[in-house]
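# Residue-level structural notes
Chain by chain, the residues run as shown.
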Amino acid sequence: MNNDLIKPTKLVRTRRKSIALIINNRGELIVRVPVRVSEKDIYEFIIKKANWIIEKRTKIKNNPYITITPKSNEKIPILDTIYDIELYNLSRAKIVENKLFVPNENSKEKLINFLKKYARKYLNERVAELAKKFCFNYKNISISSAHTRWGSCNYYNSLTFTYKLILCPKFVVDYIIIHELSHTIEKNHSKKFWSLVKKCLPNYKDCEKWLKDNRSIIDLI
């Protein structure tokens, strides 16, 4: 066994009741433990979860999408296409064929602005299409920079999506849209809610699996 792969990056003692293992998008292992748990108990818990830790860390290590700087020759997924980033002397970012040209100055800010505009246009159009197809009614759409949730629906049926959603494939984007549109009818995750989701997207569990396996994509930029 490669001990480096199960070695914690950070140990955090808190007033919790159980040990929790967290592996972030950089492959760092954060171990959160109750204040009085012994080093021996922590080590035994990590050993017990060794296979899971190694699998997750290896997957992240082999993932080409860790973080986006941005810089030339980096790759960025947008919907169903992977683009090569090229820094260039431009005033704003733009797509030309399979390349995403990003301004040299304030490159990250300009890239985020581009993605937000792209997301706003695509999501407005796609939500309208799916709402019409499946007879949902919603109030409006807003785009956020959330990095903990893909979307939400409030009491008034206003929908919010993080711009980072467009880093996912289209079939996953459709799932998040259907998920939030379903909340315009069912506000919780009851059986009725999931029946509604399944009626619109019979393969929704495949979408959930993709999101679980690729959760780090929300932290790309």
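Before going further, it helps to examine the pattern of salt bridges. Side chains that carry opposite charge are capable of pairing whenever their charged atoms lie near each other. By the definition in use, this model includes eight salt bridges. Between Lys-121 and Glu-125 there is a salt bridge, with the nearest N and O atoms lying 3.1 Å from each other. Of this pair, Lys-121 and Glu-125 both sit in helix H4 (residues 107-134), four residues apart, which is roughly one turn of that helix. One salt bridge connects Asp-213 with Lys-209, and the closest N-O pair in it is separated by 2.7 Å. With a gap of four residues between them, Asp-213 and Lys-209 both fall in helix H7 (residues 204-213), about one helical turn apart. A residue is classified by how much of its surface remains accessible, and Asp-213, at 30% relative accessible area, is partly exposed. A relative accessible area of 52% means that Lys-209 is categorised as exposed. One continuous salt-bridge network, built from bridges that share partners, spans Arg-126, Glu-129 and Asp-174.

Below, the discussion takes up the sheet that holds strand S1 (residues 10-14). Pairing between the strands of a sheet comes from backbone hydrogen bonds, and it takes one of two forms, parallel or antiparallel. Read across the open sheet, the three strands follow the order S1-S3-S2; overall the sheet is mixed. Of all strands in the sheet, those bounded by a partner on one side alone are S1 and strand S2 (20-23). Strand after strand, the sheet turns through a mean of 20° between neighbouring axes, direction not considered. Taken together, the five bridges between S1 and strand S3 (residues 29-34) define a ladder with parallel strand orientation.

About the thresholds
Residues numbered from 1 in each chain as written. Predicted model: local features only at pLDDT ≥ 70, side-chain atom pairs only at ≥ 80, totals over all residues. Heavy atoms only, no water. Salt bridge = Lys/Arg side-chain N within 4 Å of Asp/Glu carboxyl O. Helix = DSSP H or I, 4+ residues; strand = E, 2+ residues; numbered from the N terminus. Buried < 20%, exposed > 50% of the residue type's maximum accessible area, 1.4 Å probe, protein only. Pairing = 2+ DSSP bridges. Axes fitted to C-alpha atoms, helices over the stretch in contact; angles between N-to-C directions.

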